[in-house]
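Given next are the chains, with one letter for each unit.
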Amino acid sequence: MTTKINGNDLLEAGYTPGKILGIALATAAHLPELSIKEVKALLKTVKDNPEDFLNDQIMKTLATEIIEENKIEPGISLMEDALPYTLYGAEHIEEGARKQMNIAMRLPVTAAGALMPDAHQGYGLPIGGVLATRNAIIPYGVGVDIGCRMALSIFDISAAHFHENEAKFKRELIAHTKFGAGHGFHGRYKSDHEVLSRDEFNLTPFIKNLHDKAYSQLGSSGGGNHFAEWGIIEFEKRDEVLNIDKGSYLALLTHSGSRGFGATLAGYYTKLAKENCKLPVEAANLAYLDLNSEAGQEYWLAMNLAGDYASACHEIIHNKLSKAVGAEVLAKVENHHNFAWKETWNGEEVIVHRKGATPAGKGVMGIIPGSMTAPGFLVRGKGISDAINSASHGAGRKMSRSKAIKSITKDEMRTVLKDYNVTLIGAGLDEAPMAYKDINLVMEAQKDLIDVLAKFTPKMVRMADDGSHED
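Computed from a prediction, not measured in an experiment: that's the story for all the values here.

Rules behind the numbers
Residues numbered from 1 in each chain as written. Predicted model: local features only at pLDDT ≥ 70, side-chain atom pairs only at ≥ 80, totals over all residues. Heavy atoms only, no water. Salt bridge = Lys/Arg side-chain N within 4 Å of Asp/Glu carboxyl O. Helix = DSSP H or I, 4+ residues; strand = E, 2+ residues; numbered from the N terminus. Buried < 20%, exposed > 50% of the residue type's maximum accessible area, 1.4 Å probe, protein only. Phe/Tyr/Trp six-rings, centres within 6.5 Å; stacked < 30°, edge-to-face > 60°. Lys NZ or Arg CZ within 6 Å of the ring centre and 35° of its normal. Core = buried A, V, L, I, M, F, W, Y, C linked by side-chain atoms within 4.5 Å. Contact = heavy atoms within 4.5 Å.

**Q** Mind showing me how you'd approach the pattern of salt bridges here?
**A** If the charged atoms of two oppositely charged side chains come close together, the side chains can form a pair. Scanning the model with the defined rule gives 17 salt bridges in all. Residues aspartate 308 and arginine 198 are paired through a salt bridge, measuring 2.9 Å at the closest nitrogen-oxygen approach. Note that aspartate 308 is positioned in helix H12 (residues 294-324) and arginine 198 in the loop between helix H8 (166-175) and helix H9 (205-208), a separation of 110 residues in sequence. Judged by relative accessible area, aspartate 308 falls into the partly exposed class, the value being 36%. With a relative accessible area of 25%, arginine 198 lands in the partly exposed category. For arginine 238, the salt bridge identified is with glutamate 240, shortest N-O distance 3.1 Å.

Put into structure tokens, the structure is as follows:
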């Protein structure tokens with residue numbers, strides 16, 4: 001940090017004059033490697049979600065003071081004992097994620113849970129957590145990026161043709177994608193889609209006011225770990241369902257969600273849930289809405305709208321690029337996470353939250369990516385009840401973003417990309433391949449949950465230029 005953060009910076013982040021502001025300034029002094037913008041964003045997150053930083057070596061004093069100042073007696077008690085749940089790849093899962101899952105399994109509305117092998121600590125429910133509840137929806141159990149998904153298009157283009165024309169594929173990838181927080185399209189560059197005409201946009205004045213942002217960002221991708229990439233997908237045998245013969249094909253794989261629209265919905269309904277569902281401090285981010293309530297029904301409809309909006313964004317990107325490279329699409333596969341579904345589990349209707357977990361019901365297809373240099377896998381679910389019909393949504397992080405930025409150099413990242421012959425456009429050090437778990441170990445840990453149909457190898461990856469987070 002070239003310039004020290006000051007009190008005015010923290011007032012802009014939502015702090016108020018007093019003891020806690022002083023502690024926040026002292027805490028900021030321990031973060032010299034971060035910019036003022038990054039420190040403000042981090043300290044705002046601590047202020048809004050102090051429960052998640054009680055075990056953080058640097059932030060715990062600040063988090064504890066914020067909790068004490070805001071202490072409100074809970075109106076809803078947790079169950080004394082956590083319900084049992086299944087862990088897959090337990091040796092790969094950090095203690096923080098397990099602790100979060102244990103708390104989720106003590107909610108009075110919880111019916112069942114499972115933790116996927118890519119799991120790591122998040123807000124409320126861990127990333128890679130699957131939680132089934134009775135007639136209750138948890139906004140932070142869905143996550144901030146509502147309906148985030150993978151979309152795969154397989155083309156009638158050979159690997160050899162791609163390599164012979166890489167300059168063209170790079171040019172079109174840059175021309176037809178847009179990344180990063182706040183980024184959208186204007187004027188004649190805007191796309192249209194039937195999702196923008198949905199009645200749910202008129203559900204409330206709050207949702208209606210988000211329509212313009214949704215329109216502008218339609219067909220764009222977020223920051224963080226979102227990507228659009230060309231790669232080679234290999235089928236070792238013919239797949240009858242997809243009608244794809246054995247062989248190697250060029251494919252486009254994209255990962256993104258509902259952009260600023262979904263993020264704003266998530267923030268609004270999480271705040272509403274916390275106001276109406278007073279849980280003990282350690283479970284505050286698991287505040288839920290009763291699906292019989294007006295707020296619960298509102299969120300359910302808004303969540304589904306955001307999921308369909310995210311799907312529309314992928315559809316537009318894939319259509320643009322398919323047309324640009326003159327490719328025939330042989331097959332398309334799409335699956336989403338950060339969502340909640342009404343499903344039957346053990347004969348009972350439940351709400352299944354998959355926060356960074358892939359639906360893997362019997363016969364359900366999905367894509368599980370590795371990293372920008374590691375392979376991804378096209379899979380078909382086996383419908384395993386103990387996993388609540390789920391699988392991992394990727395390799396999962398083994399380093400936090402801040403740790404990756406501190407411990408990985410640009411030269412190290414360039415070397416790895418060169419070793420794997422991957423062209424990278426954009427991305428920050430927080431998305432370096434070394435920040436992720438070994439996808440092969442993750443896949444081995446969940447071999448009972450899915451069948452692998454094909455392997456996807458990234459060759460050209462586009463991400464947000466600055467590795468920025470979602471807006």
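Structure shown, so let's carry the discussion forward.
**Q** Teacher, can you tell me more about the packing of aromatic side chains here?
**A** In the structure shown here, the tally under the stated rule is twelve aromatic pairs. Relative to tryptophan 341, the ring of phenylalanine 339 lies with its centre 5.2 Å away and its plane at 70 degrees, an arrangement referred to as edge-to-face. Overall, tryptophan 341 belongs to the buried group, its relative accessible area being 17%. Ring-pair connections join several aromatic residues into one group, and the members of that group are Phe155, Phe162, Phe169 and Trp230. A cation over an aromatic ring shows up here: lysine 342 above the ring of tryptophan 300, its NZ or CZ 5.2 Å from the ring centre.

**Q** Sorry if this is basic, but what is going on with the nonpolar core here?
**A** Buried together is how nonpolar side chains tend to be arranged in soluble globular proteins. Counting residues in each nonpolar core, the largest one holds 58 residues, and the members touching the most others are Leu152, Ile154, Ile233, Phe235 and Leu378. Considering each element in turn, this core owes the most residues, five residues, to strand E17 (residues 450-462). Residue contacts for isoleucine 233: discarding those within four places in its chain leaves Leu152, Ile154, Gly247, Ser248, Tyr249, Ala251, Leu378, Ala454, Lys455 and Phe456. Counting residues in each nonpolar core, the second largest holds 54 residues, with Leu107, Leu115, Leu196 and Leu286 among its members.

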